[in-house]
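Inside the fold
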Amino acid sequence: MTSPSSPTFDLAPYDAVLVLSFGGPEAPDEVMPFLRRVTGGRGIPDERLAEVAHHYELFGGKSPINDQCRRLCTALAQELQRLGSQLPVLWGNRNGPPFLVDTLRDAYEAGARRLVVITTSAYSSYSSCRQYREDIAGALTTLREEGRPLVVDKIRQYATHPSFARANLRLVTEAVRGCGQPDDSLLRVAFVTHSIPEGMDDTSGPGDGEGSLYAHQHDEIAHVILDEAGITLDRDLSGALVFCSRSGSPSQPWLGPDINDYLREQAAQGITDVVVAPIGFVSDHMEVKFDLDTEAAETAEGLGLRMTRVPTVGVDPEFVGGLVDLVGERAAQARGETRAMQAWPGEAMPPVCRAGCCPNLRQARPAACGSD
Ligand SMILES: CC1=C(CCC(=O)O)c2cc3nc(cc4[nH]c(cc5[nH]c(cc1n2)c(C)c5CCC(=O)O)c(CCC(=O)O)c4C)C(CCC(=O)O)=C3C
Ligand SMILES: [Fe+2]
């Protein structure tokens, strides 16, 4: 970790850090406009939209995601200040106010010319990486046409930055320690992430035909957490990678198994305790609050399974420190310096995405922060 007086903590050429997120409604009348923006032209059936609208209604029409972003911005700004940087931390979304383009316009008016983006999404795939790069490209085009040219870089996808796996490892270790089931043969750890269409997973990755990097990165983190937590606790832990929040048409294959099916299968085999670790999500947003804390918790209760939900990384200091480290790394790269890129487990993702990686399978759209 860099110390406050360290000359290596230099964030030039950046004028601001920008957190880019998904967006969410904050009042009942914002729910349907939000859902229409999210699903515009994507063939999500109406029944699914009504169902998801109901999830938001259960929480008074307010998604937790914006408050999570506000907390993250505050935590990042505090960590930057602790390291001696005064860079402002801004926030923009894809699907709800504050929209990315508006945040960037305000930044330009305030004098910013080059920014570095952190997305609230750790893994490789179209939905979790390239789509945000398309959002950036779209916003930059609009602003260029307005006579407000900006340069935007992005930190590398951070599923393979050690701080992310380590923070998740620590949280899972604590949850297993506290779950109250000392018998390893009666306990499973379910690592949960957002399901995506199989075609999107098949094409996730660096663009050289490797593919399935989304599933692979999750698998690797799940495995190292099981191993390391097992060593720390001197236990023989087992578990699986499972999925939530499947949408799309039922005929289209998405990644599985669904967490609820997994819980049923485990209960049928005599398991009594499941520790649910949402490694696919950086904070408690709607997928976590509804799909896990509401739906999966009900499934578990109906099965007589005890479910312990692991916290998301949120504003965990190790996680936030890792993001700030990545901002420093990206700044050094922007200055043309070479710097060792920390990675665990697996390889560091490129700071500039490779041509053709994680393609948009519906329509080709310009994407920023990549070599294509
Ligand atoms: C990989 C991934 C992440 C993680 C990476 C990232 O964070 O970006 C993510 C995050 C999120 N997804 C979210 C919400 C929604 N996602 C939807 C639909 C979809 N997600 C997909 C994938 C992902 N989504 C996909 C392939 C679709 C199908 C349609 C499409 O191809 O786009 C729909 C439509 C209705 C439905 O069908 O569920 C909604 C409402 C929210 C906000 C939650 C809140 O309000 O707290 C967040 C953070
Ligand atoms: Fe989603």
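Residues numbered from 1 in each chain as written. Chains lettered and ligands numbered in written order. Predicted model: local features only at pLDDT ≥ 70, side-chain atom pairs only at ≥ 80, totals over all residues. Heavy atoms only, no water.

Definition in use: UniProt positions are given in the numbering used here, feature names are shortened, and annotations may be inferred rather than shown by experiment.
An unreviewed UniProt entry lists the protein under the name Coproporphyrin III ferrochelatase, with Leekyejoonella antrihumi as the source organism. Its UniProt record gives the protein a comment under Pathway (unreviewed entry), which states: "Porphyrin-containing compound metabolism; protoheme biosynthesis." Here the protein is described in UniProt, under the heading Catalytic activity (unreviewed entry), as follows: "Fe-coproporphyrin III + 2 H(+) = coproporphyrin III + Fe(2+)".

1. A look at the overall build of the protein
Worth spelling out the cut-off: A run of DSSP states H or I qualifies as a helix once it reaches four residues; a run of E qualifies as a strand once it reaches two. Both are numbered from the N-terminal end. With C-alpha atoms as the basis for the radius of gyration, the globule rule is written as 2.2 Å multiplied by the number of residues raised to the power 0.38. In this scheme, a residue with accessible area under 20% of its type's maximum is buried, one over 50% is exposed, and one in between is partly exposed, where area comes from a 1.4 Å probe on protein chains only. We call two residues in contact when some of their heavy atoms are within 4.5 Å. Residue-level accessible areas treat just the shown protein chains as cover; the underlying method is Shrake-Rupley with a 1.4 Å probe. Residues counted as positive are Lys and Arg, residues counted as negative are Asp and Glu, and His and the chain ends are not counted. Lysine's charge is taken at NZ, arginine's at CZ, aspartate's at CG and glutamate's at CD.
When helices and strands are tallied, the protein shows eleven helices and eight strands. In terms of overall size, the protein behaves like a compact globule, its C-alpha atoms giving a radius of gyration of 20 Å where 372 residues would be expected to give roughly 21 Å. Reported as C-alpha extents along the three principal axes, the dimensions of the protein are approximately 65 × 50 × 40 Å. When each of the 372 residues of the protein is scored for burial, the buried share is 55%. In the protein, the proportion of contacts linking residues at least 24 apart, taken out of those at least 6 apart, comes to 79%. Only carbon and sulfur atoms are counted for the fraction: they give 51% of the accessible area of the protein, which is about 15400 Å². Averaging the positions of the 34 positive and the 51 negative side-chain charges in the protein gives two centres separated by 6 Å.

2. Describing the side chain of Thr-193
Just so we agree on the cut-off: Polar contacts here mean pairs of N or O atoms no more than 3.5 Å apart (in protein, one a potential hydrogen donor and the other a potential acceptor; neighbouring residues in sequence count only if both atoms are side-chain atoms).
With respect to the helices and strands, Thr-193 occurs in strand 5 (residues 187-194). Here the side chain of Thr-193 touches Tyr-214 through a polar contact of 3.2 Å, side chain to side chain. A polar contact of 2.7 Å, which involves the side chain of Thr-193, links it to the side chain of His-218. Residues within four places of Thr-193 in sequence aside, it is in contact with Tyr-214, His-218, Leu-241, Val-242, Phe-243, Cys-244, Gly-280 and Phe-281.

3. Concerning the UniProt feature "binding site: Fe(2+)" (unreviewed entry) in the protein
According to UniProt, the "binding site: Fe(2+)" (unreviewed entry) feature falls on His-194 and Glu-287. What stands out for the annotated residues spanning 94 residues is how close their C-alpha atoms remain, the widest pair being 7.9 Å apart. Take His-194: it is sitting in strand 5. Look at His-194 and you get partly exposed, because its relative accessible area is 24%. Not counting the four nearest positions on each side in its chain, His-194 is found in contact with Tyr-214, Phe-243, Cys-244, Ser-245, Phe-281 and Glu-287. In contact with Glu-287, not counting residues within four places along its chain, are His-194, Ser-245, Phe-281 and Leu-292. Looking at Glu-287, its side chain comes within polar contact range of the side chain of His-194, at 3.3 Å.

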